[in-house]
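# Remarks on the overall topology
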Amino acid sequence: MMGRSIAGVGGYLPLLRLSRKAANAALKWSGLSGPREGFRAVARWDEDPVTLAVEAARVALDSASAPDKVIFASTSAPFFERSHAAMLVDALSLSRSTVAFDVAGSRRGAVSALLMALEGTGTGLVAAGERRPTQAGSGAQLAYGDGGAACIVADEGAARLLATASLSHDFADIYASREHPTPYAAEERFVRDVAVAELIAPAVREACRKAKIAAGEIALSAVVEPASGAYKAIAGRLGLTAPNVATDLAAHAGDLGAAHPLFALALAFDRAKPGDIVLLAGFGSGCDALLFQVEREVPGARAVAEALTYGAPFSDYVRFLNLSGAVDIDWGPRSEFDQKVPAPVLERYGRDMMGFVGGRDAEGNVQFPKSLIPVSPHAHGPEPLADVRLADVPARIVSLTSDRLNYCPDPPFVFGLVQFENGARVMMEFTDIEGPPPAVGDPVATRFRIKAIDRRRGFRTYFWKAVPTARPTMEVQ
């Protein structure tokens, strides 16, 4: 296992960022409060752990070869029985021979999955996404954040694994269950004392012993804090002097759950110099500690750091409650329509929908969706179409409509015609529009999102939506 490496990283944060100061002001009348500084990354109605993980994986795969295994990690994945990793395989247009499995049940799940991938062979993708439900007014509601992160593991890469150590412990510092889907946390001081003394510090100490280094030689840390002040206590016990990037991430975007340590690791890689040693520690029902030595610039790390600077701050607490599912708004009869998608339809067209795969005819014309007879006026009859993935093809707006009569969980409903560089034209929904809408001719990118949620049957379908390529920026201290 030692010598296996991280070959690439990725991360993704939703565009919306709730001002914690504004949220606390909205709760002032109640006497309740949460973290008061910084922002919380907030997923839109059409974002969930799967879409967030896909977007993070796209960044990680940008300069890497296709993996032969995909591991998805989350504590808030939408399905109890349906493989989310298999959904990632289709959304990323990977081969169906790709091994795919899910990891759940612990916030350190993504780090444990990374450890498993490092212990294996070949190229592996570990992708995590979180959108954890919280109760209105709880401290967790403002402390948490939504986001995704990913790592590519290979025999050769930019950050070499030095040593690992693991401890498993059924420590009920926090839990969520089917009967109680929002988090229930134990007293913070108790959590900090036990986690530091019994789990995190011993695991990091053992990893350092195996690597034959002193804790003071670590340049940067990505250590998830189970309670405020935990890293300071860990550093005091071990002689750590490295700054903890995971703490900075929590201040600017919130605690990203299973995705948090991998996102923080990418931020640490961005700051690291060749030769630096980076510590990764995932916590939850135990602790996994991994030490890496950076050998060169890690692909994707710069893009992850830049993702932290993009964002559209907002202060509307009621809008946040609606987006997070903490309130159930009556949208009236216009929202009452059946959105069932039969399994045979998904079997026939699901892979093309998930991967945004169109077709190219014999004349070179590209279309979406595919059809038995090409839409080109020069077509002479049925012909096979070559697969063309549109998700990564640059495009521009041909037409745009903003509709407040059509139902949308976060109005308005925006749609229009999109022209891709390869000639394809597709009618698409638009998302991530804050402020004035983009204009005809503006460039757009595509994002993997929820298409519709069938609340009656508890099912959701996915497709791709257009977003402006210009994203608003926010200052990160």
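As a starting point, this report considers the structure included with it. Remember, it's a predicted structure, so these values are computed and weren't measured experimentally. (Residues numbered from 1 in each chain as written. Predicted model: local features only at pLDDT ≥ 70, side-chain atom pairs only at ≥ 80, totals over all residues. Heavy atoms only, no water.)

So, on to the packing of helix 2 (residues 49–61) against helix 3 (residues 84–91). Between helix 2 and helix 3, the least distance of the axes is 10 Å, while the angle of their chain directions is 45 degrees. On the basis of their axis angle, the class for helix 2 and helix 3 is oblique. Considering how the two elements wind past one another, helix 2 and helix 3 form a crossing that is right-handed. Counted together, Val50, Ala53 and Val54 of helix 2 and His84, Met87, Leu88 and Ala91 of helix 3 form the full contact between these two elements. In terms of residue class, the contact of helix 2 with helix 3 is made up of six nonpolar, one polar and no charged. (Axes fitted to C-alpha atoms, helices over the stretch in contact; angles between N-to-C directions. Helix = DSSP H or I, 4+ residues; strand = E, 2+ residues; numbered from the N terminus. Parallel < 35°, antiparallel > 145°, perpendicular 65-115°, else oblique. Left-handed = near helix turned anticlockwise from the far one by under 90°. Contact = heavy atoms within 4.5 Å. Nonpolar A, V, L, I, M, F, W, Y, C, P; charged D, E, K, R; others polar.)

This part covers the sheet that holds strand 5 (residues 99–103). Strand order in the open sheet made by the nine strands is 5-4-6-7-1-8-13-12-11, with mixed pairing throughout. Strands at the two margins of the open sheet, each flanked by one partner only, are strand 5 and strand 11 (220–223). Each strand axis lies, on average, 20 degrees off the axis of its neighbour in the sheet, ignoring direction. Alignment of strand 1 (residues 5–12) against strand 7 (residues 147–154), held across seven bridges, turns out to be antiparallel. Among the inter-strand pairings, Gly11 is bridged to a residue of strand 7, identified as Ala149. (Pairing = 2+ DSSP bridges.)

Residue placement: Leu256 occurs in the loop between helix 8 (245–253) and helix 9 (260–271). In this structure Leu256 comes out as buried when scored by relative accessible area, which is 0%. Taking the C-alpha atoms as reference, Leu256 lies 22 Å from Ala91; in sequence the two are 165 residues apart. With sequence-adjacent residues up to four places away left out, Leu256 is seen in contact with Leu13, Glu130, Arg132, Gly145, Asp146, Gly147, Leu249 and Phe263. (Buried < 20%, exposed > 50% of the residue type's maximum accessible area, 1.4 Å probe, protein only.)

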